[in-house]
Amino acid sequence: MQSLRTYLAGYAAGDVDREEMLDKVAAWPLTETLHDPAHTLPNHQDNTTDVLAGALVNGQISEEEYAEILRRRRMR
């Protein structure tokens, strides 16, 4: 399985259709972010909700797409 970060970068580059992205990311098996207070650098985990939020902040997905992904995840 590829990383969520890579997939969203492909979407931002126009390699993936919007509806396909919404469906796939809503069903993506996200993992919990590992947290170690002694480790202050980013952990670079690829399949977390932090990556999804980062895609929003970085302009790879819109606020509407982010909200739709979360809505579809709740519906599952």
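It should be emphasised that the depicted structure is a prediction, and the values quoted were computed from it without experimental measurement.

Side note on helix H2 (residues 18–26)
Turning to H2, its buried residues are Met21, Leu22, Val25 and Ala26. The arc that holds the buried residues of H2, viewed along the axis, is 115 degrees, so those residues lie on one side. Elements that come into contact with the buried residues of H2 comprise helix H1 (4–12), helix H3 (49–57) and helix H4 (63–75). At the N-terminal boundary of H2, the capping side chain belongs to aspartate 17, with an oxygen 3.1 Å from the backbone nitrogen of glutamate 19.

Some thoughts on the confidence of the model for the protein chain
Residues at a pLDDT of 70 or more form 89% of the protein chain, whose mean pLDDT is 89. Mean pLDDT in the protein chain bottoms out at H3, which sits at 93, and peaks at H2, which reaches 97.

Here's the deal with the packing of H3 against H4
For the pair H3 and H4, interaxial distance at closest approach is 9 Å and the crossing angle is 160 degrees. As far as their axial angle goes, H4 and H3 are roughly antiparallel. Crossing of H3 over H4 shows left-handed handedness. Mapping the contact onto sequence places Leu52, Ala53 and Leu56 in H3 and Glu63, Tyr66, Ile69 and Leu70 in H4. Classifying every residue of the contact of H3 with H4 gives six nonpolar, no polar and one charged.

Some details on the packing of H1 against H3
To characterise two packed helices, one gives the angle between the axes of the helices and the distance between these axes. One can describe the packing of H1 onto H3 by two numbers: an axis separation of 9 Å at closest approach and a directional angle of 25 degrees. Of the possible angle classes, the one that applies to H1 and H3 is roughly parallel. For the pair H1 and H3, the crossing hand works out as right-handed. Across the interface between the two elements, Leu4, Arg5 and Leu8 of H1 pack against Val51, Leu52 and Ala55 of H3. Partitioning the contact of H1 with H3 into residue classes produces five nonpolar, no polar and one charged.

Regarding the environment of valine 51
Counting through the fold element by element, valine 51 comes out in helix H3. Sequence-wise, valine 51 and leucine 8 are 43 residues apart; in three dimensions their C-alpha atoms are separated by 9.1 Å. With residues up to four places along the chain from it excluded, the contact list for valine 51 reads Leu4, Arg5, Leu8, Gln45 and Asp46.

Conventions adopted
- Residues numbered from 1 in each chain as written.
- Predicted model: local features only at pLDDT ≥ 70, side-chain atom pairs only at ≥ 80, totals over all residues.
- Heavy atoms only, no water.
- Buried < 20%, exposed > 50% of the residue type's maximum accessible area, 1.4 Å probe, protein only.
- Helix = DSSP H or I, 4+ residues; strand = E, 2+ residues; numbered from the N terminus.
- Arc of directions from axis to C-beta.
- Contact = heavy atoms within 4.5 Å.
- Polar contact = N/O pair within 3.5 Å; in protein donor to acceptor, adjacent residues only side chain to side chain.
- pLDDT = per-residue confidence, 0-100.
- Axes fitted to C-alpha atoms, helices over the stretch in contact; angles between N-to-C directions.
- Parallel < 35°, antiparallel > 145°, perpendicular 65-115°, else oblique.
- Left-handed = near helix turned anticlockwise from the far one by under 90°.
- Nonpolar A, V, L, I, M, F, W, Y, C, P; charged D, E, K, R; others polar.

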